[in-house]
Amino acid sequence: MVDPLHAAGTVAPRTILFLGGTGVISTAAAERAAALGHRLTILNRGRSTRPVPEGVEVLAADVRDAASVRDVLGGREFDAVADFIAYTPDQAQTSLDLFRGRTGQYVFISSASAYQKPPSRLPIRESTPLKNPFWQYSRDKIACEELLYRAYREEDFPLTVVRPSHTYDRTKIAMVGGWTDIHRMRSGLPVMVHGDGTSLWTLTHSRDFASAFVGLLGRPQAVGESYTITSDEYMPWNQIYRLFARAAGTPEPDLVHVASETIAAHSPGLGSNLLGDRSHSVIFDNTKIKSLVPDYTATIPFADGAREIVRWYDANPGLQVVDRSYMDLSDRLTGWARKGV
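The structure reproduced in this document is the subject of the present report. Just so it is clear, the structure is predicted and the values come from calculations on it, not from any experiment.

## Some details on the overall build of the protein
Right, so step 1: In terms of regular secondary structure, the protein is built from 12 helices and 13 strands.
Right, so step 2: The C-alpha atoms of the protein give a radius of gyration of 21 Å, which matches the 20 Å a tight globule of 341 residues would have.
Right, so step 3: Dimensions along the principal axes, computed over C-alpha positions, put the protein at roughly 65 × 40 × 40 Å.
Right, so step 4: Put simply, the protein has 341 residues, and 53% of those count as buried.
Right, so step 5: Of the contacts formed within the protein by residues at least 6 apart in sequence, a portion of 77% connects residues at least 24 apart.

Next up, the structure:
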């Protein structure tokens, strides 16, 4: 494998493979890796509309089809493989079978939602227990970690686990209702906020995440370790909604608080995410990632991020989709809350 560092601290080009590579966090990570001069290959099904940075190799294969991946990769080896699209233990097992013996580091992108919910103490650190009884997505990520750590302990599989929290770019509206909530703000309609709006939340811009994430790749010190990567900024949900309202150019939004359990009872699809993640205060300690990537600092405040998001949607009217079912849910539950039901 390539020696990851030159003398005098200069980062040497690394040979890196991204599985996926065109999602919110992986796109930013690809841009960062390419800008630093790493030799990056992206392997996916070739269906994304997101652009790939110039000079990045793109291979088309379905990572769920191990034979097709082997055919495309041949005997190639990598300094690091980053897996952005393994969500279940069987998918993690496929990646394990594919990449044992052909990479110096396998980076599994897990989720900070896997940490204990509700957390027994803050801030959340890598030592916080992994336990989420509310959300199957999180339990699957935990099961993936357990499978991969077993391979690390028993066969020296070069695992690194990364746990991002709520990471966004200009295409992702952080509010539960997405664009529908901005539509309601601009229409002067009440906007539903889960809980009492005072639980604390952490939002991380994908470009900030990428600066820390790419710094982990090809680092032997990171093997066997897990890392949380988030912003150090946190704020109550009421403030998040108000920042979106300000970015959307509306007056003080009409925020109506509805218990997360009530929302979950009327919309099970929203409930697992609310009860398993967003309804709980989360503050993260990023000391560990900063000890390995000492220049990492999240520099994009969410006030700027909210403006970036609204500008993007205003420039792309075709994306301004109003969800009628969420409109109806908001009307019903805000009306009940106002009546004290």
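Let us keep going from here.
## Observations concerning the sheet that holds strand 5 (residues 106-109)
Right, so step 1: The 7 strands lie next to each other as 3-2-1-4-5-6-11, forming an open sheet whose pairing is parallel. With partners counted over all chains shown, the strands left at the sheet margins are strand 3 (57-60) and strand 11 (226-229), one partner each. Within this sheet the neighbouring strands show an average axis-to-axis angle of 20 degrees, counted without direction.
Right, so step 2: Taken together, the 4 bridges between strand 5 and strand 6 (residues 159-164) define a ladder with parallel strand orientation.

## Notes on the environment of L274
Right, so step 1: Among the secondary structure elements, L274 is positioned in helix 9 (residues 268-278).
Right, so step 2: With 14 residues separating them along the chain, L274 and S260 place their C-alpha atoms 6.4 Å apart.
Right, so step 3: In contact with L274, not counting residues within four places along its chain, are V176, H194, S260, I263 and S279.

## Concerning the layout of surface pockets
Right, so step 1: For the largest pocket, the calculated volume is near 1100 Å³.
Right, so step 2: As for the largest pocket, its lining consists of 40 residues, and the residues nearest its centre are G23, V24, I25, Y87 and Y137.
Right, so step 3: The set of elements that each furnish at least two residues to the lining of the largest pocket consists of helix 1 (24-35), strand 2 (39-44), helix 4 (136-155), strand 7 (166-168) and helix 9.
Right, so step 4: For the lining of the largest pocket, the per-class residue count stands at 16 nonpolar, 15 polar and 9 charged.
Right, so step 5: Taken together, 16 residues make up the lining of the second largest pocket; nearest its centre are T27, R50, D169, R170 and T171.
Right, so step 6: For the lining of the second largest pocket, the secondary structure elements donating two or more residues are helix 1, helix 6 (206-216) and helix 11 (302-315).
Right, so step 7: Considering each element in turn, the lining of the second largest pocket owes the most residues, 4 residues, to helix 1.
Right, so step 8: Tallied by class, the residues present in the lining of the second largest pocket amount to 4 nonpolar, 5 polar and 7 charged.

## Points about the pattern of salt bridges
Right, so step 1: Summed over all chains, the structure comprises 14 salt bridges.
Right, so step 2: Among the salt bridges present, the one from R125 reaches D285, with a minimum N-O distance of 2.9 Å. Of this pair, R125 sits in the loop between strand 5 and helix 4 while D285 is found in the loop between helix 9 and helix 10 (287-292), placing the two residues 160 residues apart along the sequence.
Right, so step 3: With a shortest N-O distance of 2.9 Å, R184 and D331 are connected by a salt bridge.

## Some remarks on helix 7 (residues 237-247)
Right, so step 1: Looking only at helix 7, the buried set comprises W237, N238, I240, Y241, L243, F244 and A245.
Right, so step 2: G249 lies just past helix 7 and shows a positive phi near 75 degrees.

## Re unusual backbone geometry
Right, so step 1: The linkage connecting K117 with the following residue, P118, adopts the cis geometry, with an omega of -10 degrees.
Right, so step 2: The omega torsion across L122 and P123 is 0 degrees, close enough to zero to call that bond cis.
Right, so step 3: With respect to the helices, strands and loops of the structure, P123 is situated in the loop between strand 5 and helix 4.
Right, so step 4: With a phi close to 60 degrees, D156 is a non-glycine residue in the positive phi region.

## Some thoughts on the packing of aromatic side chains
Describing an aromatic ring pair means giving the distance of the ring centres and the angle of the ring planes.
Right, so step 1: Inspection of the entire model under this criterion finds 12 aromatic pairs.
Right, so step 2: The ring of Y227 is capped by K288, whose NZ or CZ atom sits 5.0 Å from the centre of that ring.

Conventions and cut-offs
Residues numbered from 1 in each chain as written. Predicted model: local features only at pLDDT ≥ 70, side-chain atom pairs only at ≥ 80, totals over all residues. Heavy atoms only, no water. Helix = DSSP H or I, 4+ residues; strand = E, 2+ residues; numbered from the N terminus. Rg over C-alpha atoms; globule rule 2.2 N^0.38 Å. Buried < 20%, exposed > 50% of the residue type's maximum accessible area, 1.4 Å probe, protein only. Contact = heavy atoms within 4.5 Å. Pairing = 2+ DSSP bridges. Axes fitted to C-alpha atoms, helices over the stretch in contact; angles between N-to-C directions. 1 Å grid on protein atoms, 1.4 Å probe; cavity = no way out; pocket = protein on both sides within 12 Å on 5 of 7 lines; lining within 4 Å. Points joined across faces, edges and corners; volume = space filled by probe spheres on them. Nonpolar A, V, L, I, M, F, W, Y, C, P; charged D, E, K, R; others polar. Salt bridge = Lys/Arg side-chain N within 4 Å of Asp/Glu carboxyl O. Phe/Tyr/Trp six-rings, centres within 6.5 Å; stacked < 30°, edge-to-face > 60°. Lys NZ or Arg CZ within 6 Å of the ring centre and 35° of its normal.

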